[in-house]
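Inside the fold
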Amino acid sequence: MTESRVWSIVETTAFDPVARANPHERLRNLREQCPVLRDEPVKTWMLTRYADVRETVNDRSLWRHWSRSEKGALLRRMDQDPDAPRVDSILSMDEPDHSRVRLPLAKAFYARINAMKPQIEAIIDEVIEGAPADKPFDLIGDLAVPIPILVIAAILGVERDRFREFREWSEASILGLNPLRTPEETERMEWGSAKLSSYFTELMAARRAAPREDLISDLVALQAEGAPLSDEEVRTNLSALLIGGNLTTTDLIGNGVWLLLRHPEQLAALKADPGLAAAAVEEILRYESPVGITNRVISDEREVGGCPMHPHQSVITSLHAANRDPEVFEDPDRFDITRKHVPHVAFGGGGHICIGAPLARIEAKQALVRLFQRFPDLKLAGDEPTWRALPFFRGMEALIVQG
Ligand code: HEM
């Protein structure tokens with residue numbers, strides 16, 4: 001039986017077992033019945049129509065910093081300790097600081113990705129080469145988790161002999177994404193973040209003394225040329241690249257392989273024409289995006305869909321719901337890698353649009369092409385996958401496949 005009522009925000013996230021298995025049906029209900037939802041108990045609006053989501057994420061006059069939102073707002077409440085001293089990453093900075101930090105960071109990051117594209121692709125090929133051909137393996141743990149960590153390690157300039165530790169610290173600090181983490185996980189996250197921060201301090205000093213071809217050398221060089229970036233801001237944003245880029249790229253690869261294996265005709269089209277890989281990545285981003293929402297804080301009196309919104313009110317924009325809005329995507333619940341125009345909002349928009357989007361696209365495209373070249377007969381070899389209980393993200397705990 002199809003359930004249908006006005007869901008609360010939490011009931012559309014992986015907090016809830018039904019939405020964890022499939023968030024799309026409840027989001028469709030909301031988009032049809034209550035596209036501008038005010039969820040009073042958590043003091044948050046949620047938008048589910050593409051037009052509202054697009055306009056909101058693109059609006060550079062809105063705020064992002066959690067402390068501007070009213071007390072009791074869901075995202076403010078979930079994982080922020082208002083008393084903790086902290087330097088914010090670009091993710092939660094407002095203007096003018098956001099542009100001051102993001103512009104030099106983005107310039108250095110994009111130049112580095114361009115310079116290292118062949119190396120990035122070679123890292124991915126090597127991980128895929130390492131997967132066993134003669135027995136089932138876990139696509140998530142064995143391939144999709146190590147790929148982004150090894151890639152970002154190379155971009156940052158992590159030394160080979162520190163890779164193992166770096167991976168351990170990265171995996172620990174990513175626990176910070178989970179507002180439901182246990183006290184032990186919080187402790188582990190804090191340990192990982194502290195280790196990463198002191199390692200970045202060490203690397204920054206080493207690269208000032210002897211620059212290499214890596215992002216940390218690029219950033220300390222920009223500082224020396226006068227870019228207004230403090231050491232703490234560099235360290236915090238290096239961690240943001242790690243935390244923002246790891247699980248998300250893992251899930252893009254994982255969700256992509258799962259979708260292709262469940263849609264054999266789409267996989268056949270991709271195998272027949274690997275030139276479709278870039279379009280396939282966009283359709284995966286639209287159809288099963290790793291990040292379900294982003295958020296903003298209202299900065300002026302306004303109306304969205306006839307609903308009055310006031311300064312300091314918190315707004316969640318559902319990227320999942322927008323990406324399946326039939327007003328924009330024909331037959332939105334059909335997975336089709338041959339769609340011609342896919343203006344999805346999986347990376348958000350406006351000033352805060354995902355800084356890692358070009359890297360995520362390179363990694364996912366290379367991973368899909370090489371995986372199906374190496375394992376042309378790849379098939380699902382386990383039970384139905386379990387989706388992770390991480391609210392607002394969408395990815396699998398494991399995906400057992402056989403080459
Ligand atoms: C499939 C992969 C990814 C998805 C779906 C994704 C999604 C997002 C979304 C939705 C936002 C918020 C945008 C907004 O509020 O308008 C964001 C921001 C961000 N992402 Fe990603 N991301 C991905 C990969 C990456 C990678 C690979 C990196 C870094 C290596 C990264 C780093 C960041 C950072 C630092 C921000 C904050 C940008 C800002 O606020 O200025 N992401 N991402």
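Owing to the predicted nature of the structure, the values given are computational and were not obtained by experimental measurement.

So, on to the overall build of the protein chain. Of regular secondary structure, the protein chain possesses 15 helices and nine strands. Taking the principal axes of the C-alpha coordinates as reference, the protein chain spans close to 60 × 50 × 40 Å. Out of the 403 residues in the protein chain, the part that is buried amounts to 56%. Nonlocal contacts in the protein chain, meaning residues at least 24 apart in sequence, comprise 70% of its contacts between residues at least 6 apart. Total accessible area computed for the protein chain in this model is approximately 17,500 Å², and 53% of it derives from carbon and sulfur atoms.

Around the ligand sit 31 residues in total, of which His98, Arg102, Thr294, His352 and Cys354 are the nearest. Threonine 294 is positioned such that a nitrogen or oxygen atom in its side chain is 2.6 Å from an oxygen atom of the ligand. Contact distances for the ligand include 2.6 Å between an oxygen atom and a side-chain N or O atom of histidine 352. For the shell around the ligand, the secondary-structure elements that each account for two or more residues are helix H5 (97–129), helix H11 (231–262), strand E4 (293–297) and helix H15 (357–374). Per-element tally for the shell around the ligand: the top contributor is H11, with six residues.

As a further point, take the sheet that holds strand E9 (residues 400–402). As summarised here, the arrangement of the three strands in space is E3-E9-E8, forming an open sheet in which the pairing is antiparallel. Each having just a single partner strand, strand E3 (137–138) and strand E8 (379–380) make up the two edges of the open sheet.

The strand order across the open sheet built from four strands is E1-E2-E7-E4, with neighbouring strands paired in mixed fashion. In this open sheet, the two strands that pair with only one neighbour each are strand E1 (36–39) and E4. On average, adjacent strands in this sheet sit at an angle of 25° to one another, irrespective of strand direction. Docked against the sheet, helix H3 (residues 50–58) engages E1, strand E2 (44–47), E4 and strand E7 (314–318), running at close to 125° with respect to E7.

Turning to the packing of helix H7 (residues 146–156) against H15, a few remarks are in order. Taken N-terminus to C-terminus, the directions of H7 and H15 make an angle of 130°; their axes are 11 Å apart at the nearest point. In terms of their interaxial angle, H7 and H15 are classed as oblique. When the axes of H7 and H15 are compared, the crossing they make is right-handed. Contact with H7, carried on its side by Ile147, Pro148, Val151, Ile152 and Ile155, involves Leu359, Glu363 and Ala367 of H15 and no other residues of that element. Split into classes, the residues belonging to the contact of H7 with H15 amount to seven nonpolar, no polar and one charged.

Before going further, it helps to examine the pairing of E4. Counting buried residues in E4 gives five out of five residues, a clear majority hidden from the surface. Residue alternation in E4 divides its side chains into two sets, Ile293, Asn295 and Val297 and Thr294 and Arg296, and both sets are buried. In this structure, E4 lies alongside E7, joined through five bridges in antiparallel fashion. Within E7, the residue paired with threonine 294 across the bridge is threonine 317.

Once that is clear, we can look at unusual backbone geometry. With omega at 5°, the peptide bond leading from glutamate 95 into proline 96 counts as cis. Its location among the elements puts proline 96 in the loop between helix H4 (74–79) and H5. The backbone of lysine 43 sits at a positive phi, close to 45°, despite the residue not being glycine. Relative to the assigned elements, lysine 43 resides in the loop between E1 and E2. Taking relative accessible area as the criterion, lysine 43 reaches 27% and is therefore assigned partly exposed.

Attention now moves to the pattern of salt bridges. Applying the stated criterion across every chain, the model contains 34 salt bridges. For lysine 43, the salt bridge goes to glutamate 40, with nearest N and O atoms at 3.2 Å. Glutamate 40 gets classed as partly exposed once you look at its relative accessible area, which sits at 41%. The partner of arginine 207 in a salt bridge is glutamate 159, with the nearest N and O atoms 3.7 Å apart. With arginine 207 in helix H9 (residues 183–209) and glutamate 159 in the loop between H7 and helix H8 (163–173), the pair connects residues that are 48 residues apart, well separated along the chain. For glutamate 159, a relative accessible area of 21% corresponds to the partly exposed category.

Just one protein atom donates to the iron atom of the ligand; it is Cys354 (SG), sitting 2.3 Å from the metal. Following the sequence through the fold, cysteine 354 ends up in the loop between helix H14 (319–322) and H15.

Glancing now at the nonpolar core. If you look at the biggest cluster of nonpolar residues, it comprises 85 residues, and the most contacted ones within it are Phe166 and Val257. With twelve residues, H5 is the largest single contributor of residues to this core. The contact partners of phenylalanine 166, leaving out residues within four places of it in the chain, are Ile149, Ile152, Ala153, Leu156, Val158, Leu196, Tyr199, Phe200 and Leu242. Of all hydrophobic cores here, the second largest spans 18 residues; its members include Leu74, Leu247, Ala321 and Phe393.

Next up on the list: the environment of alanine 111. Looking at the element boundaries, alanine 111 is found in helix H5. Overall, alanine 111 belongs to the partly exposed group, its relative accessible area being 47%. Sequence separation between alanine 111 and aspartate 218 is 107 residues, and the spatial gap between their C-alpha atoms is 9.4 Å.

Criteria and thresholds
Along every chain, residues carry numbers that run from 1 in the direction the sequence is written. Two thresholds apply to this predicted model, a pLDDT of at least 70 for residue-level local features and 80 or more for giving and counting side-chain atom pairs, whereas whole-chain, interface and lining totals are computed over all residues. With hydrogens and water set aside, each side-chain value is computed from the structure's full complement of heavy atoms. Think of it this way: any DSSP run of H or I at least four residues long counts as a helix, any run of E at least two long counts as a strand, and we number them from the N terminus. Each residue's exposure class comes from its accessible area (1.4 Å probe, protein chains only) as a fraction of the maximum for that residue type: buried when under 20%, exposed when over 50%, partly exposed otherwise. Residues are treated as being in contact if the distance between any of their heavy atoms lies within 4.5 Å. Per-residue accessibility takes into account occlusion by the displayed protein chains alone, with areas from the Shrake-Rupley method and a 1.4 Å probe. Whether a residue is near a molecule or strand depends on its heavy atoms: it is near if one of them lies within 4 Å of it. Whenever a nitrogen or oxygen atom comes within 3.5 Å of another N or O atom, the pair is scored as a polar contact, on the condition that within protein one atom can donate a hydrogen and the other can accept it, and that pairs from neighbouring residues in sequence are kept only if both atoms are in side chains. Strand pairing requires that DSSP identify at least two bridges connecting the strands. Here an angle of 0 to 180 degrees is reported between the N-to-C directions of two axes, which are lines fitted to C-alpha atoms, with helices fitted over the stretch in contact. Between 65 and 115 degrees an angle is taken as roughly perpendicular, under 35 as roughly parallel, over 145 as roughly antiparallel, and anywhere else as oblique. What makes a crossing left-handed is the near helix being turned counterclockwise from the far one by less than a right angle; a clockwise turn instead makes it right-handed. Note on residue classes: Ala, Val, Leu, Ile, Met, Phe, Trp, Tyr, Cys and Pro are nonpolar, Asp, Glu, Lys and Arg are charged, and everything else, Gly too, is polar. For this document, the term salt bridge refers to a Lys or Arg side-chain nitrogen within 4 Å of an Asp or Glu carboxyl oxygen. Each metal's donors comprise the N, O and S atoms found within 2.8 Å of it (within 3.2 Å for Na, K or Ca). Water is not part of the atom list, so some coordination spheres may appear incomplete. Nonpolar core, defined: a set of buried Ala, Val, Leu, Ile, Met, Phe, Trp, Tyr and Cys residues in which side-chain atoms within 4.5 Å join the residues together.

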